[in-house]
Amino acid sequence: MKPGDMSSTLSQIETKWKAAVPGEPFDYNFLDASFDALYRSEQRMGSIFSIFTTLSLFIACLGLFGLSAYIAERRIKEIGVRKVMGASVQSIVALLSKDFLKLTLIAALIAFPIAWWWMNKWLEDFAYRINIGWTVFIIAGLCTLVVALLTVSFQAIKAAVANPVKSLRTE
């Protein structure tokens with residue numbers, strides 16, 4: 001067999017096949033095509049998960065943004081009193097953000113064991129299996145906290161920088 005001449009090699013193999021087993025059809029496939037077919041569904045599932053993950057993150061950030069706008073509007077008088085009493089912008093942002101960060105941490109503590117279990121179940125079906133380390137979850141948790149903080153901090157900074165006189169004048 002010559003590495004560059006695939007068609008003549010296949011015709012020679014087919015001739016030998018028909019001589020050895022005359023009643024059976026010559027059916028062949030290449031190993032790289034077989035591996036590609038095996039992992040095509042996994043690649044498709046990965047693409048679908050990426051699309052839905054992006055969509056769900058966007059929807060979650062919109063919800064978090066709306067909730068932080070509602071909380072900032074509801075606490076506008078408290079923020080005005082704190083500013084008049086000398087609170088800094090950082091302390092007001094920390095005041096408004098800490099509840100959201102606590103909820104994000106609780107959600108991560110609930111989600112991480114479930115994700116670890118589900119991923120281990122999924123990886124059991126593969127011949128070459130990897131173990132999921134705890135660093136993956138720490139990085140995911142930090143990314144989640146950063147996204148939540150960035151989403152909430154816009155409304156928190158907006159409320160902290162607002163003029164306290166306008167919020168207190170309505171009473």
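The coordinates are above.
Everything quoted here is computed from the prediction, not taken from an experiment.

Definitions and cut-offs
Residues numbered from 1 in each chain as written. Predicted model: local features only at pLDDT ≥ 70, side-chain atom pairs only at ≥ 80, totals over all residues. Heavy atoms only, no water. Phe/Tyr/Trp six-rings, centres within 6.5 Å; stacked < 30°, edge-to-face > 60°. Buried < 20%, exposed > 50% of the residue type's maximum accessible area, 1.4 Å probe, protein only. Helix = DSSP H or I, 4+ residues; strand = E, 2+ residues; numbered from the N terminus. Core = buried A, V, L, I, M, F, W, Y, C linked by side-chain atoms within 4.5 Å. Contact = heavy atoms within 4.5 Å. Patch = residues over 30% accessible without salt bridge, like charges linked within 9 Å, V, L, I, M, F, W, Y side chains within 5 Å. Areas by Shrake-Rupley, 256 points an atom, 1.4 Å probe, with all protein chains shown as cover. Salt bridge = Lys/Arg side-chain N within 4 Å of Asp/Glu carboxyl O. Expected span 1.5 Å × (residues − 1). Bend = angle between axes of the 7 residues up to and from the residue. Axes fitted to C-alpha atoms, helices over the stretch in contact; angles between N-to-C directions. Parallel < 35°, antiparallel > 145°, perpendicular 65-115°, else oblique. Left-handed = near helix turned anticlockwise from the far one by under 90°.

## Observations concerning the packing of aromatic side chains
- Per the counting criterion, the structure on display carries six aromatic pairs.
- Ring centres 5.7 Å apart and planes at 80 degrees place the aromatic pair tyrosine 28 and phenylalanine 30 in the edge-to-face group.
- Since its relative accessible area comes to 35%, phenylalanine 30 is described here as partly exposed.
- Pairing phenylalanine 112 with phenylalanine 137 gives two aromatic rings, centres 5.3 Å apart and planes at 50 degrees, and the pair type is tilted. Of the two residues, phenylalanine 112 sits in helix H4 (residues 89–123) while phenylalanine 137 sits in helix H5 (residues 134–161), which places them 25 residues apart along the sequence.
- The partly exposed category is assigned to phenylalanine 112, whose relative accessible area is 24%.
- In this structure phenylalanine 137 comes out as buried when scored by relative accessible area, which is 16%.
- Feature note: the residues Trp17, Phe26, Tyr28 and Phe30 constitute an aromatic cluster, connected by ring pairs.

## Re the nonpolar core
- One finds Leu64, Ile79, Ile92, Leu96, Phe100 and Ala159 to be the most contacted residues of the largest nonpolar core, which totals 13 residues.
- Listing elements by their share of this core, those giving two or more residues are helix H2 (31–74), H4 and H5.
- In terms of residues, this core owes the most to one element, H5, which gives five residues.
- Leucine 96 has contacts with Ile71, Arg75, Ile79, Val152, Ala156 and Ala159, leaving out every residue within four places of it along the chain.

## Topic: a nonpolar patch on the surface
- Taken together, the side chains of Ile48, Phe52, Leu55, Phe58, Ile59 and Leu62 define a hydrophobic patch exposed on the protein surface, amounting to about 630 Å² of accessible area.
- With respect to the helices and strands, leucine 55 occurs in helix H2.

## Some thoughts on H5
- Taking 1.5 Å per residue, 28 residues should reach 40 Å; H5 reaches 39 Å between its end C-alpha atoms and fits that length.
- Largest kink in H5: about 35 degrees, centred on serine 153.
- Contacts from the buried residues of H5 go to H2, helix H3 (76–84) and H4.

## Overview of the packing of H2 against H4
- Between H2 and H4, the least distance of the axes is 13 Å, while the angle of their chain directions is 165 degrees. Looking at the two axes, H2 sits roughly antiparallel to H4. Between H2 and H4 the crossing geometry is right-handed. Residues Glu42, Met45, Phe49, Leu64, Leu67, Ser68 and Ile71 of H2 pack against Leu96, Phe100, Trp118 and Trp122 of H4.

Read these as layout, nothing more, since geometry by itself doesn't imply function.
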